[in-house]
Amino acid sequence: MRYIGRPFFALSSRALSSRRDMEMKKRHIAIAPILLALAVIAFKYFTAEQAVNPETGETARVSLSREQEVELGLQSYQQVLAESDVIEEGPEVDLVRRVAARLAPATREGGKGFKWEVSVVRSNEMNAFCLPGGKIVVYTGILAATKSEAGLAAVMGHEMAHAVARHGAQRLFQNDIAETAMQGAQQSIADLEPEKQQAIMSALGAGAKFGVILPFSREHETESDEMGVLYMARAGYDPRESMAFWKRMGEMSGGQPPEFASTHPAKATRIQRLKEFMPKALAEYEKSDKQIEQR
């Protein structure tokens, strides 16, 4: 009996249809990686250490223990000093040390356990920072903007507040969560065409940056502004000088990107929020028994 096969076009049509079906099955968004990423995020969130803001009472998750923060802060401090032109004496050093000595007790419970130490670096850079554990570095370039002891107290109080509130460890935690979410998303679309993958990941990255990370950073800046003026008020410095300082700083720093694309609030926003917070700071100032002449 002679076998007569199916027509070639029928076989080809079925083969093409089968291939299209396979490709359609491949090109989909997988749910499993997203669910896994969500499970990992939940685990990290509920097992992370919590930091309590001593001024507001609010809690936030952090990625590092206090001991780890202090150790990293000390390492960074030593590295900065080793690579910088550190001034050991002189009027600038006396000024910075005097302000630090007044501000440190004003941090109250928040600065408990900090081993405060301050160094002055000769540089035109307009910068100052406080590392975890209380290691402060002030660049001489910023003194052109501070103008007075109270102005210096504004910027130093702001930087000390970042350390007290553990903002660095909070940002590490947030970045870790965002990275985990992005990895889950990337794995879930691995079967899509490269162009679609790139478009989706770019959109998700922009959403995370402008919708979460940058607003989070701006909120930290505002929180440090408010905590910083409380410190300077308790130390006897008129907190209203902080608004004059930030105005000068904005003018001397040149242009700033739009607020939504910046890690810092716009100058007008910053000053407006300080004005709104000022009654609370002035109440602390009035209670201070060591008000000093603003110089």
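Residues numbered from 1 in each chain as written. Predicted model: local features only at pLDDT ≥ 70, side-chain atom pairs only at ≥ 80, totals over all residues. Heavy atoms only, no water.

Trainee: Which parts of the structure should I look at to understand the pairing of strand β4 (residues 117-121)?
Mentor: One face of the sheet, then the other: side chains in a regular strand alternate in exactly this way. Most of β4 is tucked away, with 4 of its 5 residues classed as buried. Bridge count for strand β3 (residues 86-87) against β4 is 2 bridges, and the pairing is antiparallel. For I87, the partnering residue across the bridge sits in β4 and is V120. (Buried < 20%, exposed > 50% of the residue type's maximum accessible area, 1.4 Å probe, protein only. Helix = DSSP H or I, 4+ residues; strand = E, 2+ residues; numbered from the N terminus. Pairing = 2+ DSSP bridges.)

Trainee: What is the right way to look at the packing of aromatic side chains in this model?
Mentor: Both the distance between ring centres and the angle between the ring planes are used here to describe each pair of aromatic rings. Going through the model one piece at a time under the given rule, you end up with 5 aromatic pairs. Here the aromatic rings of Y45 and F173 are separated by 6.5 Å at their centres, their planes lie at 45 degrees, and the arrangement is tilted. Here Y45, found in helix α2 (residues 32-47), pairs with F173, found in helix α7 (residues 167-188); they are 128 residues apart in sequence, far enough to count as distant. The partly exposed category is assigned to Y45, whose relative accessible area is 37%. When its relative accessible area of 9% is taken as the criterion, F173 is described as buried. The interplanar angle of 65 degrees and the centroid separation of 4.7 Å between the aromatic rings of F245 and W246 together place this pair among those described as edge-to-face. (Phe/Tyr/Trp six-rings, centres within 6.5 Å; stacked < 30°, edge-to-face > 60°.)

Trainee: Would you mind showing me how to read the pattern of salt bridges here?
Mentor: Taken as a whole and judged by the stated rule, the model has 15 salt bridges. In this structure, the salt-bridge partner of E55 is R234, at a minimum N-O distance of 2.8 Å. Highlighted residues: E55 in the loop between β1 (49-52) and β2 (59-62) and R234 in helix α8 (residues 194-234), separated in sequence by 179 residues. Take R234: its relative accessible area is 10%, and that puts it in the buried class. (Salt bridge = Lys/Arg side-chain N within 4 Å of Asp/Glu carboxyl O.)

Trainee: I would appreciate a short explanation of a nonpolar patch on the surface in the present structure.
Mentor: Taken together, I29, I31, I34, L35 and L38 make up a surface patch of nonpolar side chains, about 460 Å² in accessible area. Along the chain, I34 falls in helix α2. On the basis of relative accessibility, which here comes to 31%, the residue I34 falls in the partly exposed class. (Patch = residues over 30% accessible without salt bridge, like charges linked within 9 Å, V, L, I, M, F, W, Y side chains within 5 Å. Areas by Shrake-Rupley, 256 points an atom, 1.4 Å probe, with all protein chains shown as cover.)

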